[in-house]
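Structural overview for review
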Amino acid sequence: MTHHRPKDTHHPELTVQAARPKLRRPPLFKVLLLNDDYTPMEFVVLVLERFFGMNHENATQIMLHVHQRGVGVCGVFPKDIAETKVSRVNDYARSHQHPLMCTMEEA
């Protein structure tokens, strides 16, 4: 016994493609340190080592960049991590009576 299959009425213009959601990466944020005339350079190096996991050499390079250019990038992170780092650095600086400012902007 044979089964009759309906004729294939394939119309390319009617082809439905499987809907695949386009995954967008969440935006990343640069965490920035701003230069001031009062925070000791050693404290800035300590902050970079402590909160951004830098070794002493990298932290010193970033600190000098901040000192010379007025601002420096400490790292690029997802928004929630960037916000946490900004908050922790600013709280740490205030608790040590330093005006060091940490901010963030979309990368």
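Heads up: the structure comes first, above all this text.
Residues numbered from 1 in each chain as written. Predicted model: local features only at pLDDT ≥ 70, side-chain atom pairs only at ≥ 80, totals over all residues. Heavy atoms only, no water.

What about the overall build of the protein?
Defined as follows: Comment: elements are numbered from the N terminus, with helices defined as DSSP H or I runs of at least four residues and strands as E runs of at least two. Partly exposed describes any residue whose relative accessible area lies between the buried limit of under 20% and the exposed limit of over 50%, with all areas from a 1.4 Å probe on protein chains only and scaled to the type maximum. Any pair of residues with heavy atoms lying within 4.5 Å of one another is described as a contacting pair. Methods summary: accessible areas were calculated by the Shrake-Rupley approach with a probe of 1.4 Å, and residue burial reflects only the protein chains presented.
Assigned secondary structure in the protein consists of three helices and three strands. Of the regular secondary structure in the protein, the N- to C-terminal order runs β-α-α-β-α-β. Counting every position in the protein, which comprises 107 residues, the buried fraction comes to 29%. Partitioning the intrachain contacts of the protein with sequence separation of at least 6 by distance along the chain shows that 71% fall at a separation of at least 24. In the structure as shown, the protein presents an accessible area of about 8,500 Å², 54% of it carried by carbon and sulfur atoms.

Observations concerning the side chain of His98
With respect to the element layout, His98 can be found in the loop between helix 3 (79-95) and strand 3 (101-106). Residue His98 is classed as buried on the basis of its relative accessible area of 17%.

As for the pairing of strand 1 (residues 28-34)
Applied cut-off: Pairing between strands requires that DSSP locate at least two bridges from one strand to the other.
Direction of pairing for strand 1 relative to strand 2 (residues 71-78): antiparallel, over a ladder of seven bridges. Note on strand 2: the bridge partner recorded for Leu32 is Val73. Here six bridges tie strand 1 to strand 3, and the two strands are oriented antiparallel to one another. Paired with Val31 across the two strands is Met104, which belongs to strand 3.

Considerations on helix 1 (residues 41-52)
Every α-helix winds through 3.6 residues per turn, so residues three or four apart in the chain are directed the same way. Filter applied, for reference: By this rule the span expected of a helix is its residue count minus one, scaled by 1.5 Å.
Relative to the 16 Å expected for twelve residues at 1.5 Å per residue, helix 1 spans 16 Å between its end C-alpha atoms, a close match to the ideal helical length. Regarding helix 1, the residues found buried are Phe43, Val44, Val45, Val47, Leu48, Phe51 and Phe52. Buried residues along helix 1 sit against strand 1, helix 2 (56-69), strand 2 and helix 3. Two residues or fewer after helix 1 comes Gly53, characterised by a positive phi angle close to 65°.

Looking at the nonpolar core
As a reminder, the rule being used: Here the nonpolar core consists of buried residues drawn from Ala, Val, Leu, Ile, Met, Phe, Trp, Tyr and Cys, with membership extended through side-chain atoms lying within 4.5 Å.
Core analysis: the largest hydrophobic core is formed by 23 residues, its most contacted members being Val31, Leu33, Val47, Leu48, Phe52, Val89 and Leu100. Secondary structure elements with two or more residues in this core: strand 1, helix 1, helix 2, strand 2 and helix 3. Element by element, the count of residues in this core is highest for helix 1, at seven residues. What Leu48 contacts, discounting residues up to four positions off in sequence, is Leu33, Gly53, Met54, Ala59, Ile62, Met63 and Cys74.

Brief notes about the packing of helix 1 against helix 2
Operational definition: Lines are fitted to the C-alpha atoms to define the axes, a helix being fitted only along its stretch in contact, and any angle between axes, read from their N-to-C directions, falls within 0 to 180 degrees. With respect to orientation, any angle under 35 degrees is reported as roughly parallel, any angle over 145 as roughly antiparallel, any angle of 65 to 115 as roughly perpendicular, and every other angle as oblique. By convention, the crossing between two helices is left-handed when the near helix turns anticlockwise from the far helix through less than a right angle, and right-handed when the turn is clockwise. For this scheme, ten residues count as nonpolar: Ala, Val, Leu, Ile, Met, Phe, Trp, Tyr, Cys and Pro. Four count as charged, namely Asp, Glu, Lys and Arg, and the remainder, Gly too, count as polar.
At a minimum axis separation of 9 Å, helix 1 and helix 2 run at an interaxial angle of 125°. Here helix 1 is positioned oblique relative to helix 2, judged by the angle of their axes. Crossing hand, helix 1 versus helix 2: right-handed. For the pair helix 1 and helix 2, the contacting residues are Met41, Val44, Val45, Leu48 and Glu49 in the first and His56, Ala59, Thr60, Ile62, Met63 and His67 in the second. Taken together, the residues of the contact of helix 1 with helix 2 break down into seven nonpolar, three polar and one charged.

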